[in-house]
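Each chain, written out:
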There are 2 protein chains.
Amino acid sequence: MEAKLGEFDLIWRFFNAGSESMAQTQKNQVLLGIGDDCALLQPHATQSLAVTSDMLVEGRHFFAGANAEWLGHKALAVNLSDLAAMGAKPVGFTLALALPNANADWLAQFSQGLFRMAQQWQCPLIGGDTTQGPLTICITALGHVPGGDAIKRSGAKVGDDIWVSGTLGDARLALGALRSEWPLDHSSLETILHRMHEPEPRIALGMQLRGIASSALDVSDGLLGDLRHILKASQVNAEVLIDQLPTSRTLAAQTEQLRRQCAANGGDDYELCFTAPTSKRIALESLSTSLLPLTRIGSITSASNGAEPTLILRDASGNLLNAAETMRLMQSFDHFKSN
Amino acid sequence: MEAKLGEFDLIWRFFNAGSESMAQTQKNQVLLGIGDDCALLQPHATQSLAVTSDMLVEGRHFFAGANAEWLGHKALAVNLSDLAAMGAKPVGFTLALALPNANADWLAQFSQGLFRMAQQWQCPLIGGDTTQGPLTICITALGHVPGGDAIKRSGAKVGDDIWVSGTLGDARLALGALRSEWPLDHSSLETILHRMHEPEPRIALGMQLRGIASSALDVSDGLLGDLRHILKASQVNAEVLIDQLPTSRTLAAQTEQLRRQCAANGGDDYELCFTAPTSKRIALESLSTSLLPLTRIGSITSASNGAEPTLILRDASGNLLNAAETMRLMQSFDHFKSN
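Note that the structure is a prediction, hence the values are computed from the model and not measured.

> Got a minute to help me understand the sheet that holds strand 1 (residues 30-32) of chain A in this structure?
Pairing between sheet strands relies on hydrogen bonds along the backbone, with the strands arranged either parallel or antiparallel. Spatial ordering of the open sheet is given by 1(A)-2(A)-3(B)-6(B)-4(B)-5(B), a layout of 6 strands whose pairing is mixed. A strand with exactly one partner marks an edge of an open sheet, and here the two such strands are strand 1 of chain A together with strand 5 (125-132) of chain B. Between one strand axis and the next, the sheet turns through 20° on average, direction left out of account. Sheet topology places strand 1 of chain A next to strand 2 (residues 39-41) of chain A; 2 bridges connect them, and they run antiparallel. Looking at the pairing, Leu 32 of chain A lines up with Leu 40 of chain A of strand 2 of chain A. Helix-sheet contacts for helix 2 (residues 68-86) of chain B involve strand 1 and strand 2 of chain A together with strand 3 (47-57), strand 4 (89-99) and strand 6 (136-146) of chain B, and the interaxial angle to strand 6 of chain B is about 30°.

Written out as structure tokens, the structure is:
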């Protein structure tokens, strides 16, 4: 029989090898990994379980022929980023993979990127599925967060500050340069390309934000569009200082319009955007020094009382942006818009 | 903003509606459903969590243009079938869906099939992802099983009986008829078509088999190929009485060759194949009367002692099948073989 299982069987050998050693490191939580009908986890009674699924499709989320190692990294990173946004610690993940064919080189590279990320966050592969089809990667990640400590989108309160981690817009700046939407010199592109291909999930930050942040999410579709989700869930209005959005030196060196557009609406940043009471500023400034730069970009101004939340944008001088500029910056990336 | 979210947003409205009422019914376990970065579950300290992911791809697992209601049913059913095979009770599922476009009729039908199955087993949709791409459905299902009671593939012991639930081969018989691999009259096809399109996960049986079955799996790729997984995991050899495989009247009325081929190697059956000590025969015969027909089809004959397991096939008279027939019947469905 074995020989007849052919390529299908071959694929899991790549993933088995990488997952077995890691499952050992997590064996308190992973009772059974790859190779049965289901994986089995041993939950902790004092912890909630966070669950998230993301699907990446060739031609939509990445170019055809994209570097397989980056893909493996990114496919897991975007899911871990969702765990980070809840303040959860990774426990394990499943992988469902459709492939046009079983190319050993591709699989070796993909699994290298995937398992490096998995190893970094001690998040073993616990199960999944492979099939033939257009290249599609679906990962479901599971994490633990102490009961009641999960950071939801719905907790933002009037008077809270709005914060964002790291810098925004580099992934969009790089994408636009690769698509010839705007010029960018090679050396600049090289400096920021990793932000597009190998995003770093802010797991350590998310865990530190438990008990500090009142709401959080990860910035995947563009800051302003994503912030809207917090405003809707929390039923509040907000004000953002558009020129306070943290950017890399490379993005800061671009035109004002391009800088604002990429930072406000870029997508693929995988930074955390969160709210916190003003009483937490000292704690957050300390985290900003010790862990990862954190920037205050605005505040929650009032309750929306069930109406559609309003989000007001101000420039560096504190002046309101005009309506056309505001509208342009609020165009969130939509997977069903042509772009 | 709302209007601009467009079709992407529209899609989740279909799924939100179906999931919210159900999440209520499970609110002891589901702390947070759709609409945040992650879903949150409250695990029970005494239960293990079973996790399984399956991906269905158009043109591979279903025909282009397939009935969307059946698809919704089947996509969840195949995952619940994996939970059943572990003896787990469904808790919830995530859905990642790639769609070429957001067709409201298709979405209405798909979600109807999906939520009817979800309702039947009290398994709410807790999160997921939608994107544009070739039609691909990836579901991750989560279930609970009392600590230590999960039925693994690795527990089969020498002397155990091998059992299978329901009947085998109808899905393959129907598929072959639709593909004109063999003739089948319309009335027969109509009788068995639901086995291909709307498989019933054996959740109730799986839960009853806790403490009875020594090993189990669900038959998705064909009985003999799947039974091999039990033999490998348990390091045992087995004997199967090929003409004892339970079949519908429709399949029983076909030629011996077709009947054997579909039953032994059909795929898409979603019955449970399991082993149990002979001391459990009375309990299983009672279950067979009260819940679902169960048939004894063979036995675990010896330990394989680390070698590749052997699986011997006998006919109705107890004679060994010849090598060519054995080989033919053992050709398991492989997602990377052309077929």
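> Can you help me understand the packing of helix 2 (residues 68-86) of chain A against helix 3 (residues 104-120) of chain A in this one?
The relative placement of two packed helices is expressed as an angle between their axes plus a distance between the axes. All names here are of chain A. Following both chains from N to C, one finds helix 2 and helix 3 inclined at 35°, their axes separated by 6 Å at the closest point. Handedness of the helix 2/helix 3 crossing: right-handed. Along the contact surface, helix 2 presents Ala 68, Glu 69, Leu 71, Gly 72, His 73, Leu 76, Ala 77 and Leu 80, while helix 3 presents Trp 106, Gln 109, Phe 110, Gln 112, Gly 113, Leu 114, Arg 116, Met 117 and Ala 118. Classifying every residue of the contact of helix 2 with helix 3 gives 10 nonpolar, 5 polar and 2 charged.

> When you look at the relation of the copies chain A and chain B in this model, what are you seeing that I'm missing?
Turning one copy of the chain about an axis and sliding it along that axis gives the other copy, so a rotation and a shift relate them. When chain A is fitted onto chain B, the two copies agree to an RMSD of 0.0 Å after a turn of 180° and an axial shift of 0.0 Å. Taken together, the rotation and translation describe the operation of a two-fold axis. Taking C-alpha positions as reference, the residue of chain A nearest the rotation axis is Ala 45 of chain A, located at 2.3 Å. Taken together, the interface assignments show that 100% of the residues at the interface of chain A recur at the interface of chain B, consistent with an identical surface on both copies.

> Would you explain the domain arrangement of chain A in this entry?
By a widely used convention, the size of an interface equals the accessible area lost when the partners come together. Residue and element names in this part refer to chain A. With domains assigned, chain A is organised as domain 1 (23-146) and domain 2 (153-329). One C-alpha centre belongs to domain 1, the other to domain 2; they are set 26 Å apart. If you look at the interface, domain 1 gives 23 residues, while domain 2 gives 21 residues. Taking both sides of the interface into account, the surface hidden between domain 1 and domain 2 amounts to around 1800 Å²; carbon and sulfur atoms contribute 64%. Of all residues in domain 1, the largest losses of buried area upon contact with domain 2 belong to Phe 63, Trp 70 and Lys 74, amounting jointly to 29% of the total for that side. Between domain 1 and domain 2 we count 1 salt bridge in total. Between Lys 74 and Asp 268 there is a salt bridge, with the nearest N and O atoms lying 2.7 Å from each other. Inspection of the region where domain 1 meets domain 2 yields 6 residue pairs in polar contact (both at pLDDT 80 or more). Of all the elements in the fold, those that place two or more residues in the side of domain 1 that touches domain 2 are helix 2, strand 4 (89-99), helix 3 and strand 6 (136-146). Counting residues per element, the side of domain 1 that touches domain 2 draws most heavily on helix 2, which supplies 11 residues. Grouping the constituent residues of the side of domain 1 that touches domain 2 by class yields 14 nonpolar, 5 polar and 4 charged.

Calculation criteria
- Residues numbered from 1 in each chain as written.
- Chains lettered and ligands numbered in written order.
- Predicted model: local features only at pLDDT ≥ 70, side-chain atom pairs only at ≥ 80, totals over all residues.
- Heavy atoms only, no water.
- Pairing = 2+ DSSP bridges.
- Helix = DSSP H or I, 4+ residues; strand = E, 2+ residues; numbered from the N terminus.
- Axes fitted to C-alpha atoms, helices over the stretch in contact; angles between N-to-C directions.
- Contact = heavy atoms within 4.5 Å.
- Left-handed = near helix turned anticlockwise from the far one by under 90°.
- Nonpolar A, V, L, I, M, F, W, Y, C, P; charged D, E, K, R; others polar.
- Least-squares fit on C-alpha atoms with pLDDT ≥ 70 in both.
- Domains from an automatic or database assignment.
- Buried area = accessible area lost by both parts, 1.4 Å probe.
- Salt bridge = Lys/Arg side-chain N within 4 Å of Asp/Glu carboxyl O.
- Polar contact = N/O pair within 3.5 Å; in protein donor to acceptor, adjacent residues only side chain to side chain.

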